[in-house]
Amino acid sequence: MSFFISFEGIEGSGKTTQIKLLASRLESLGYDVLITREPGGCPIADQIRRILLDPDNDNLDPKAELLLYAAARAQHVAEIILPALEQNRIVLCDRYCDATLAYQGYARGLDLQLVQQLNILAAGMCRPHLTLLLDMQPEHGIERARDRNAANQGPDEGRFEQETLAFHNKVRQGYLKLAEEEPRRIKIVDADGTLEEIAMRIWRIASNVFKPQGGM
Ligand code: TMP
């Protein structure tokens, strides 16, 4: 069985940890799981990621930013996501098309229809079956993201953490609006609580889809 789940949420909402926890759980049930992320997920898209998240690029034009996200996505879908789904794998993706609507559309103020068209150009019919929106107050999330970035050994990816609280509030409201528009696909998960509590909330939703495989 192939299945595509995207994880969304503001900075520091704990997506990356929860993706790993869900992946282990699914693997223990016998599923073949691929974890990937956007922007990035393959070498060309990772190069684009470095441009997008470099804090020195604070003058990146919003339209250029939008096109770079779309370019990274087109490559990632063609090279990684579609082949994995064709091989009957479960794909867990840290951010996807809804992030572009929330960040470049709702928060930056670019035309939502234009953003949607670029999402279609980049992703085609490759749409998540389920999207888990980890929702929390931006004040909590940003603090967590800044701590993480300060401890990070790799390249500085803090360009979005420099944004104002108002920006992150717009991102959050954008995500909530998207969830309201597509309640069957986008499920809101309260991201305040312990890791185990949040994992349990996610499993309550995911367990409707996944049953033990191959006699396990
Ligand atoms: P993350 O890997 O920490 O989630 O960082 C990715 C950043 O890129 C995050 O700040 C959200 C932003 N982003 C967009 O603005 N638009 C997009 O389409 C995607 C995928 C991410």
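Within each chain, residue numbers correspond to sequence positions counted from 1 in written order. Residues qualify for local features only when their pLDDT is at least 70, as the model is predicted, and side-chain atom pairs are given and counted only at 80 or more; totals for whole chains, interfaces and linings, by contrast, use all residues. Hydrogens are left out, water is left out, and the side-chain values use all remaining heavy atoms of the structure.

K.L.:
Quick question: what am I supposed to make of the overall build of the protein chain here?
P.N.:
For the purposes of this entry, the term helix denotes a DSSP run of H or I that reaches at least four residues, the term strand denotes a run of E that reaches at least two, and both are numbered from the N terminus. Along the backbone of the protein chain there are eight helices and five strands. Starting at the N terminus and ending at the C terminus, the protein chain contains elements arranged as β-α-β-α-α-β-α-α-β-α-α-β-α. A globule of 216 residues ought to have a C-alpha radius of gyration of about 17 Å, and the protein chain, at 17 Å, matches this closely. By principal-axis analysis of the C-alpha atoms, the protein chain measures approximately 55 × 40 × 35 Å. Burial analysis of the protein chain (216 residues in total) assigns 49% to the buried set. Only heavy atoms enter the contact rule, under which two residues are in contact if any of them lie within 4.5 Å. Of the contacts made within the protein chain by residues no fewer than 6 positions apart, 79% connect residues no fewer than 24 positions apart. Neither His nor the chain ends contribute to the count of charged residues, in which Lys and Arg are positive and Asp and Glu negative. One atom stands in for each charge, and that atom is NZ of Lys, CZ of Arg, CG of Asp or CD of Glu. Both charge centroids of the protein chain, one from 25 positive and one from 31 negative side chains, sit 4 Å from each other. Computation of the radius of gyration draws on C-alpha atoms, with the globule rule given as 2.2 Å multiplied by the number of residues to the power 0.38. Remark: exposure states derive from per-residue accessible area (1.4 Å probe, protein chains only) relative to the maximum for the residue type, with buried under 20%, exposed over 50%, and partly exposed in between.

K.L.:
How do you make sense of the side chain of glutamate 65 when you look at a structure like this?
P.N.:
With respect to the secondary-structure elements, glutamate 65 resides in helix 3 (residues 62–86). On the basis of relative accessible area, glutamate 65 is assigned to the buried category, the value being 1%. Apart from the residues within four sequence positions on either side, glutamate 65 is in contact with Leu52, Leu60, Gln104, Arg108, Arg159 and Phe160.

K.L.:
Honestly, the pattern of salt bridges in this entry has me stumped. Any pointers?
P.N.:
When charged atoms on two side chains of opposite charge get close, those side chains can pair. The term salt bridge refers to a side-chain nitrogen of Lys or Arg lying within 4 Å of a carboxyl oxygen of Asp or Glu. For the structure on display, the rule yields eleven salt bridges. In this structure, glutamate 38 engages arginine 73 in a salt bridge whose closest nitrogen and oxygen atoms are separated by 2.6 Å. Of the two residues, glutamate 38 sits in the loop between strand 2 (33–37) and helix 2 (43–53) while arginine 73 sits in helix 3, which places them 35 residues apart along the sequence. When sorted by exposure, glutamate 38 lands in the same class as arginine 73, which is buried. A salt bridge links arginine 185 to aspartate 98; the nearest nitrogen and oxygen atoms lie 2.8 Å apart. Residue arginine 185 is located in the loop between helix 7 (165–181) and strand 5 (186–190), and its partner aspartate 98 is located in helix 4 (residues 97–107); the two are separated by 87 residues in the primary sequence. As far as the burial class goes, arginine 185 and aspartate 98 line up, both buried.

K.L.:
What is the right way to look at the packing of helix 6 (residues 138–151) against helix 7 in this model?
P.N.:
Axis angles are defined between N-to-C directions and span 0 to 180 degrees, where every axis is a line fitted to C-alpha atoms and, for a helix, only to the segment in contact. At a minimum axis separation of 10 Å, helix 6 and helix 7 run at an interaxial angle of 115 degrees. It follows from the interaxial angle that helix 6 and helix 7 lie roughly perpendicular. Viewed along their axes, helix 6 and helix 7 form a crossing whose handedness is right-handed. Across the interface between the two elements, Pro138, Glu139 and Ile142 from helix 6 touch Leu165, His168, Asn169 and Arg172 from helix 7. Polar here means any residue other than Ala, Val, Leu, Ile, Met, Phe, Trp, Tyr, Cys and Pro, which are nonpolar, and Asp, Glu, Lys and Arg, which are charged; Gly is therefore polar. For the contact of helix 6 with helix 7, the class distribution of residues is three nonpolar, two polar and two charged. Roughly parallel means an angle under 35 degrees; roughly antiparallel means over 145; roughly perpendicular covers 65 to 115; every other angle is labelled oblique. Here a crossing is called left-handed whenever its near helix is offset anticlockwise from the far helix by less than a right angle, and right-handed whenever the offset is clockwise.

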